[in-house]
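So the chains spell out like this:
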Amino acid sequence: MLSQKDIKSLLPEYLNDQTPGCAIAILADGQLTTYVQGLASVEHKVAIHPDTAFRIASVTKQFLAIVALAEQDAGRVDLDIPMGSYLKQLSRGPAAATMRQALQNCSGIRDHLELEVLLGGSVASPIRRSQSLDIIGRCHETNFEPGTSFLYSNANFLLVTEILERQSGQSLGDLMQHHIFDPAGLTATRYEPLHSDIIPHRATGYLKRPEGYQLAALQTELTGDGALVSTLTDMIRWAEYCDRDPDGRISRISERCIFANGRHSDYGLGYYIRDYNGLATLGHNGTWPGFRSEILRVPERSLSVIGLANINMIDLSGLTRDIVDLMAARQSENAPAWKRKQAQTFAAITKGAYLNSETGDFFHLAESDGTLAFGIYGGELELVTDTPSTSQFRYSHEYRSVDWSQAEHGIITLTKMNGETITARSAESLEPARDLPDYCGNFYHDEIGIKIQLVPDANDLRVKFDGAFAPHLTWRVHPISCDAILVYSDDGDWRCQFVLIYPKTGKTKGQLHGPRVRGLELRYSASV
């Protein structure tokens, strides 16, 4: 078993007793080790303790999935009929997806949080659930045909929440209390869609910036996608309950989704099922401005690792796996080591931007201290080398692995979770970018109400998302190729990168691609 000193050694050096911090628990073969560090409130110098309440963000999704199964067992919903049967405001593609596909993140429904950014909003905007539902209802198309691929989307879980509440006549909080909190003995876990409730011992969320720490601004209403607040004490009880699985529903959410082509996903129902370093793991992470959470279970080792934090920078997904690695190394001298540093030499790989101009898949490669940083629409993922020509991602994403065999020619190939491959080329090998003024113009999506304006601003371009919500962010432009630019934000609590693909000669429609919105067709008009 690891000691508190062992856990402390794995934490970032910038955390101390005067900064925001975290609460960690290791439950192994019935033995428990906990470690807490830092302040729940920096302003008031209140220390974190096991009963400090954190927003657990997307860890909420497994609780929603269990409620959905319980309500199906009670005959109030059917997870396998189109959601349009329950929600008449859904149109075309989204209406055809089922609740099961939504809970498996294989519906293809576009993420409403990302669409709200394109409408000038952010998580600091007071966007209510009804507005989010309206935006989803205005989407006629999906990222892909339901059931054919995987792409994470919070809209899936908002729609499931809406259906469960309409069919049961109860709030999701009441359903969770009945089906989960009471049976599992979770006394401090609460469903909090808004951020204004007074919750005992709740931590404040912080963002680490170069100039210091600042409060995370949160106003957007949450649902079954991330509305739970909980404590380390309760999450330990939850891990114990999952191990017992008295009604079998943990096993049911742990069944992998099967795509239409017969391949298996790394996702069940609101729950990741990942192979890590030769071990089968179950769990989920959570990310919300100012908060991070992770519950990682390794059933064959009778091991659960829990992490809750009130600081945006900490990588709890990496930390929980570091703990698993360290415990494995202590238990066996021959335990395989999950390599944090790639054995491969990356000198021959062209660094910088990579793009598939047909699909809009965008990546960025950079080398630091002998390790290759792999970015996908701005989000960095950790790589582990299998062979000199292939790498896997340390934990699951839309993509499973990268083939470097043609990297010296500026080409990389990624394999997606459904087995499809995506080839991307280095920006250096694409048709050169134009002068910035040549990218001026307007992109429109009439159904959703998106208007993206690119106008001259001295020696640069100014970007404005003119939609239903007042813009909060400063956006920048970086040309990738002759017909593609990167639009991104360096500020705000919810940072995004989008790729705008300009229409070919004689055409009037371009496309927008982002982390959770793909292939969104936009009318284009060049500025005069």
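Residues numbered from 1 in each chain as written. Predicted model: local features only at pLDDT ≥ 70, side-chain atom pairs only at ≥ 80, totals over all residues. Heavy atoms only, no water.

Draft legend 1. Quick look at the sheet that holds strand E9 (residues 228-231). Overall, antiparallel pairing links the 3 strands, which are arranged E5-E9-E6 in an open sheet. The sheet is open, and its two borders are formed by strand E5 (53-55) and strand E6 (190-191), each paired with just one other strand. When E5 meets E9, the two strands line up antiparallel, connected through 3 bridges. Residue pairing across strands places arginine 55 opposite valine 229, the latter belonging to E9. (Pairing = 2+ DSSP bridges. Helix = DSSP H or I, 4+ residues; strand = E, 2+ residues; numbered from the N terminus.)

Draft legend 2. Expanded view of the packing of helix H6 (residues 129-137) against helix H7 (residues 155-168). Relative to each other, H6 and H7 sit at 110 degrees, their axes nearing to 11 Å. Between H6 and H7, the angle is such that the two are roughly perpendicular. Two packed elements cross with a definite hand, and for H6 against H7 that hand is left-handed. When H6 is examined against H7, the residues Arg129, Ser132, Leu133 and Ile136 are found in contact with a partner set consisting of Ala155, Leu158, Leu159, Thr161, Glu162 and Glu165. Counted by class, the contact of H6 with H7 contains 5 nonpolar, 2 polar and 3 charged residues. (Axes fitted to C-alpha atoms, helices over the stretch in contact; angles between N-to-C directions. Parallel < 35°, antiparallel > 145°, perpendicular 65-115°, else oblique. Left-handed = near helix turned anticlockwise from the far one by under 90°. Contact = heavy atoms within 4.5 Å. Nonpolar A, V, L, I, M, F, W, Y, C, P; charged D, E, K, R; others polar.)

Draft legend 3. Inspection of the nonpolar core at higher detail. Counting residues in each nonpolar core, the largest one holds 80 residues, and the members touching the most others are Phe63, Met83, Met99, Leu164, Met176 and Trp238. When neighbours within four sequence positions are excluded, phenylalanine 63 is seen to be in contact with Ile56, Met176, Ile180, Phe181, Leu186, Leu228, Met235 and Trp238. Of all hydrophobic cores here, the second largest spans 31 residues; its members include Val117, Leu119, Cys440 and Trp475. (Core = buried A, V, L, I, M, F, W, Y, C linked by side-chain atoms within 4.5 Å. Buried < 20%, exposed > 50% of the residue type's maximum accessible area, 1.4 Å probe, protein only.)

Draft legend 4. Representation of the packing of aromatic side chains in the model. A full pass over the atoms with the stated rule returns 17 aromatic pairs. Ring plane angle 85 degrees and centroid distance 4.6 Å describe the contact between tyrosine 267 and tyrosine 272, whose orientation is recorded as edge-to-face. Accessibility expressed as a relative area gives 0% for tyrosine 267, which makes it buried. Classification of tyrosine 272 by relative accessible area gives buried; the value is 7%. Seen from their ring centres, phenylalanine 465 and phenylalanine 498 are 6.5 Å apart, and the 85 degrees between their planes marks the pair as edge-to-face. (Phe/Tyr/Trp six-rings, centres within 6.5 Å; stacked < 30°, edge-to-face > 60°.)

Draft legend 5. Geometry of the packing of helix H2 (residues 60-73) against H7. The interhelical angle for the contact between H2 and H7, taken along N-to-C directions, is 35 degrees, at an axis separation of 11 Å. By crossing handedness, the relation of H2 to H7 is classed as left-handed. Contact with H2, carried on its side by Lys61, Leu64, Val67, Ala68 and Glu71, involves Phe157, Val160, Thr161, Leu164 and Ser168 of H7 and no other residues of that element.

Draft legend 6. Representation of the pattern of salt bridges. In this structure the tally under the stated criterion is 30 salt bridges. The salt bridge involving arginine 394 is made with aspartate 325; its shortest N-O contact spans 3.1 Å. Of this pair, arginine 394 sits in the loop between strand E19 (390-393) and strand E20 (399-403) while aspartate 325 sits in helix H11 (residues 316-331), placing them 69 residues apart in sequence. Aspartate 483 is the salt-bridge partner of lysine 504, the closest N and O atoms lying 3.8 Å from each other. Within this pair, whereas lysine 504 is found in the loop between strand E28 (497-501) and strand E29 (509-513), its partner aspartate 483 is found in the loop between strand E26 (475-481) and strand E27 (484-489), the two being separated by 21 residues in sequence. Through salt bridges with shared partners, a single ionic network connects Asp73, Asp247, Arg249 and Arg252. (Salt bridge = Lys/Arg side-chain N within 4 Å of Asp/Glu carboxyl O.)

Draft legend 7. Quick look at the side chain of serine 481. The residue serine 481 is located in strand E26 in this model. The class of serine 481 is buried, set by a relative accessible area of 7%.

Draft legend 8. Up close: the sheet that holds strand E23 (residues 441-445). Read across the sheet, 8 strands follow the order E25-E24-E23-E30-E29-E28-E27-E26 without closing on themselves; strand pairing throughout is antiparallel. Edge positions in the sheet fall to strand E25 (460-465) and E26, since each has one partner strand and no second. Averaged over all pairs of adjacent strands, the angle between strand axes in this sheet comes to 25 degrees, irrespective of strand direction. In terms of strand pairing, E27 meets E28 through 5 bridges, oriented antiparallel. What sits directly across from valine 487, in E28, is phenylalanine 498.

Draft legend 9. Seen up close, the side chain of threonine 350. Structurally, threonine 350 is set in the loop between H11 and strand E14 (352-355). The buried category is assigned to threonine 350, whose relative accessible area is 19%.

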